[in-house]
Amino acid sequence: MIKGIDLFCGCGGLSKGFEEAGYKIIAAFDNWDIATEVYSMNFNHTVFKANIETLDIEEYKKEDIDLVIGGPPCQDFSSAGKRDESLGRAELTEVFAIKVCEILPKWFVMENVERIKKSPYLLSVKETFKKNGYGLTEIVLDASLCGVPQKRKRYFLIGGLKEEDDFLKENLEKNLAKKSMTVREYFGDKLGVEHYYRHPRSYQRRAIFSIDEPSPTIRGVNRPIPSTYVFHKGDTCKDREKIRALTSEERMMLQTFPKDFKLKGTKTEVEQMIGNAVPVNLAKYVGNCLKEYIIEKKE
């Protein structure tokens, strides 16, 4: 079984997905207190509250780690954030690369928002990996084609020691679904509602969605429909009696966490954790594609 650790683990979307794909995650690390508390409630291995920049990884070199996964904080790249890479969080992608190359596992998987492709930090990160012998596959995946009822596009950088560049591209592309998964296809009629409110970044955008389409990206903000909300021409329903915001638990399940996944914290913390998380089935999809490649290579 492939053994791995999760850096910048958050509440555990990547870890859960890779575990479901058959990997053994032996430890996880994050610097956000409440996220590590939630993580520890849902996994059997240890999660450490740690500053990844100063993390001593000597112990993990001895553990014969095959894989490092992680989603360095993306707010400084994100269209939902300030898009200010001088704030310091963007540099954590470089920290991730440095730590991976100190451990030097056979494989690594890094997840981030699509906009990271436009960042000079990414060039630096890729150079670090290349200098240390990694072949790289980079791809933007639409989660709705990977078993997630959500139009969420995420960037993945996957590395293999002594592999050719694009080594995993074929596997990642050939296994995609032919059409996007809708909310109804995932939930059935369990939501008890046909239309729901997703708080928009701008009221120039629509905010009412049908369960017969994929959800828009689950963000770290969740509010009820304002009494002053002016319906947008793209809204799928304009009858307030038939619309509600989704609960935290429903949003968690749209991120494809299992129903029994435990949450704690203030409402703001919970919503932010859910919005920041990698959808479990998206992580599982990447994990399965990598495992498929490893098996094919052995054969």
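Parameters and conventions
- Residues numbered from 1 in each chain as written.
- Predicted model: local features only at pLDDT ≥ 70, side-chain atom pairs only at ≥ 80, totals over all residues.
- Heavy atoms only, no water.
- Helix = DSSP H or I, 4+ residues; strand = E, 2+ residues; numbered from the N terminus.
- Contact = heavy atoms within 4.5 Å.
- Phe/Tyr/Trp six-rings, centres within 6.5 Å; stacked < 30°, edge-to-face > 60°.
- Buried < 20%, exposed > 50% of the residue type's maximum accessible area, 1.4 Å probe, protein only.
- Lys NZ or Arg CZ within 6 Å of the ring centre and 35° of its normal.
- Pairing = 2+ DSSP bridges.
- Axes fitted to C-alpha atoms, helices over the stretch in contact; angles between N-to-C directions.
- pLDDT = per-residue confidence, 0-100.

Before going further, it helps to spend a moment on the environment of S215. Take S215: it is sitting in strand β11 (residues 215–216). Considering only alpha carbons, one finds S215 and C237, 22 residues apart in sequence, at a separation of 15 Å. If we skip the residues at most four places from it in the chain, S215 touches P149, Q150, K151, V183, Y196 and L254.

The description of an aromatic ring pair rests on the distance of the ring centres and on the angle between the ring planes. Tallied over the full model, the rule gives 16 aromatic pairs. Residues Y186 and F187 carry aromatic rings whose centres are separated by 5.5 Å and whose planes lie at 85° to one another, so their mutual orientation is edge-to-face. Classification of Y186 as partly exposed rests on a relative accessible area of 30%. The rings of F96, F108, F129 and Y134 are connected pair by pair, giving a single aromatic cluster. Here the basic side chain of K16 rests over the ring of F43, its NZ or CZ set 4.7 Å away from the ring centre. A cation over a ring is seen here: K106 above W107, with NZ or CZ 5.1 Å from the ring centre.

Attention now moves to the sheet that holds strand β10 (residues 208–210). An order of β10-β9-β12 is seen for the 3 strands of this open sheet, with the pairing classed as mixed. Here the strands that pair on one side only, and so sit at the sheet edges, are β10 and β12 (243–245). The mean inter-strand angle of the sheet, taken between neighbouring strand axes irrespective of direction, is 40°. Here strand β9 (residues 195–197) runs beside β12; their pairing, made up of 3 bridges, is parallel. Bridge pairing links Y196 to R244 in β12.

This part is about the environment of T182. Looking at where T182 falls in the secondary structure, it is placed in the loop between α6 (169–174) and α7 (183–187). Residue classification places T182 among the buried positions, given a relative accessible area of 13%. As for T182 and V125, which are separated by 57 residues in sequence, their C-alpha atoms are 35 Å apart. Residues within four places of T182 in sequence aside, it is in contact with P149, I211, D212, E213 and P214.

Chain-level pLDDT for the chain is 92 on average; 94% of the residues reach the 70-or-more range. Note that pLDDT drops below 50 for residues 76–89; the model gives that stretch 33 contacts with residues more than four away or on any other chain.

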